[in-house]
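Letter by letter, the chains look like this.
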Amino acid sequence: MKILVLNGPNLNMLGVREPAIYGDRSFAALEAFIRESCRELEVACELFQSNHEGELVTRIQQAYGVFDGIVINPAAYTHTSVAILDALKAVGIPTVEVHLSDISAREPFRQFSYVSLAAVKTIAGRGFDGYRDAVVYLKEHYDPARA
Ligand code: DQA
C-alpha cells in the first residue's frame, strides 16, 4: 500500500508558528514522525509540503493510479479551496483529512472545510498522532481490488 501525505501552507513553520496552538515540535520532527509511523505500519509513504495551492492540486492529480490513499492537512486551504476539493474528487483516492488543532473549537471561519466534502474521514485536535491515526484508518479500509 502506498500513501501520499500532503501538508499545506505554513506547516513548514511548525515549532515557530503559534506554539500554544500547534506545539513546539518542528516540521522536520513531524515528517520524521510520519515516516516512522508508516514504517511501523508497513505502508510505503511519500511526503510533500507546499505553500502553494496549485502545487498541491498538481500533486493530487499526479497521485492518480499511483497512490492507494492520501493523508492531507490542507492547512488554511481547508477553508477556502474548491480547487483542492475538486482535485480530490477527480482522482477518487480515499483521503483522510488531518488537522493538528481542533478546528471545530476555533474561530468560526475554521469550522467549515471544503476538503471534508471529499474525505472519507477527518481527524482534528490530535496533534502529530492524527497523522498516524489517518494512516491506520486508510490501511484498515484498504481495498486492493480498487488499486
Ligand atoms: C490547521 C488548521 C487550519 O485552520 C490552519 O489554517 C492551519 C493548520 C491544523 O493543522 O490545525 O494552518 O490545518
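Before reading further, recall that the structure is shown in the block above.
Calculation rules
- Residues numbered from 1 in each chain as written.
- Predicted model: local features only at pLDDT ≥ 70, side-chain atom pairs only at ≥ 80, totals over all residues.
- Heavy atoms only, no water.
- Helix = DSSP H or I, 4+ residues; strand = E, 2+ residues; numbered from the N terminus.
- Contact = heavy atoms within 4.5 Å.
- Near = heavy atom within 4 Å.
- Polar contact = N/O pair within 3.5 Å; in protein donor to acceptor, adjacent residues only side chain to side chain.
- Areas by Shrake-Rupley, 256 points an atom, 1.4 Å probe, with all protein chains shown as cover.
- 1 Å grid on protein atoms, 1.4 Å probe; cavity = no way out; pocket = protein on both sides within 12 Å on 5 of 7 lines; lining within 4 Å.
- Sits in = over half its atoms within 2 Å of the grid points.
- Nonpolar A, V, L, I, M, F, W, Y, C, P; charged D, E, K, R; others polar.
- Pairing = 2+ DSSP bridges.
- Axes fitted to C-alpha atoms, helices over the stretch in contact; angles between N-to-C directions.

Brief notes about the environment of I60
Okay, step 1: In this fold, I60 is placed in helix α3 (residues 53–62).
Okay, step 2: Taking the C-alpha atoms as reference points, I60 and R39, separated by 21 residues in sequence, lie 22 Å from one another.
Okay, step 3: Excluding residues that lie within four positions of it along the chain, I60 makes contacts with L6, I70, I72, I84, A87, L88 and V91.

Thoughts on the site of the ligand
Okay, step 1: Neighbouring the ligand are the residues R17, Y22, N73, A75, A76, H79, H99, L100, S101, I103 and R110.
Okay, step 2: Between an oxygen atom of the ligand and a side-chain N or O atom of R17, the distance comes to 2.8 Å.
Okay, step 3: One of the side-chain N or O atoms of H99 is found 2.8 Å from an oxygen atom in the ligand.
Okay, step 4: Considering the ligand on its own, with 320 Å² of exposed area, one finds that the protein chains cover 98% of that surface.
Okay, step 5: Counting atoms within 2 Å of the grid points, the majority share of the ligand lands in the largest pocket.
Okay, step 6: Split into classes, the residues belonging to the shell around the ligand amount to five nonpolar, four polar and two charged.

Here's the deal with the sheet that holds strand β5 (residues 121–124)
Okay, step 1: Read from one edge of the open sheet, five strands run β2-β1-β3-β4-β5, paired in parallel fashion. The outermost strands of the open sheet, each flanked by one partner alone, are β2 (44–49) and β5. Geometrically, the sheet is characterised by an average inter-axis angle of 20° between neighbouring strands, direction not taken into account.
Okay, step 2: With five bridges connecting them, strand β1 (residues 2–7) and strand β3 (residues 69–73) associate as parallel partners. Bridge pairing links I3 to G69 in β3.

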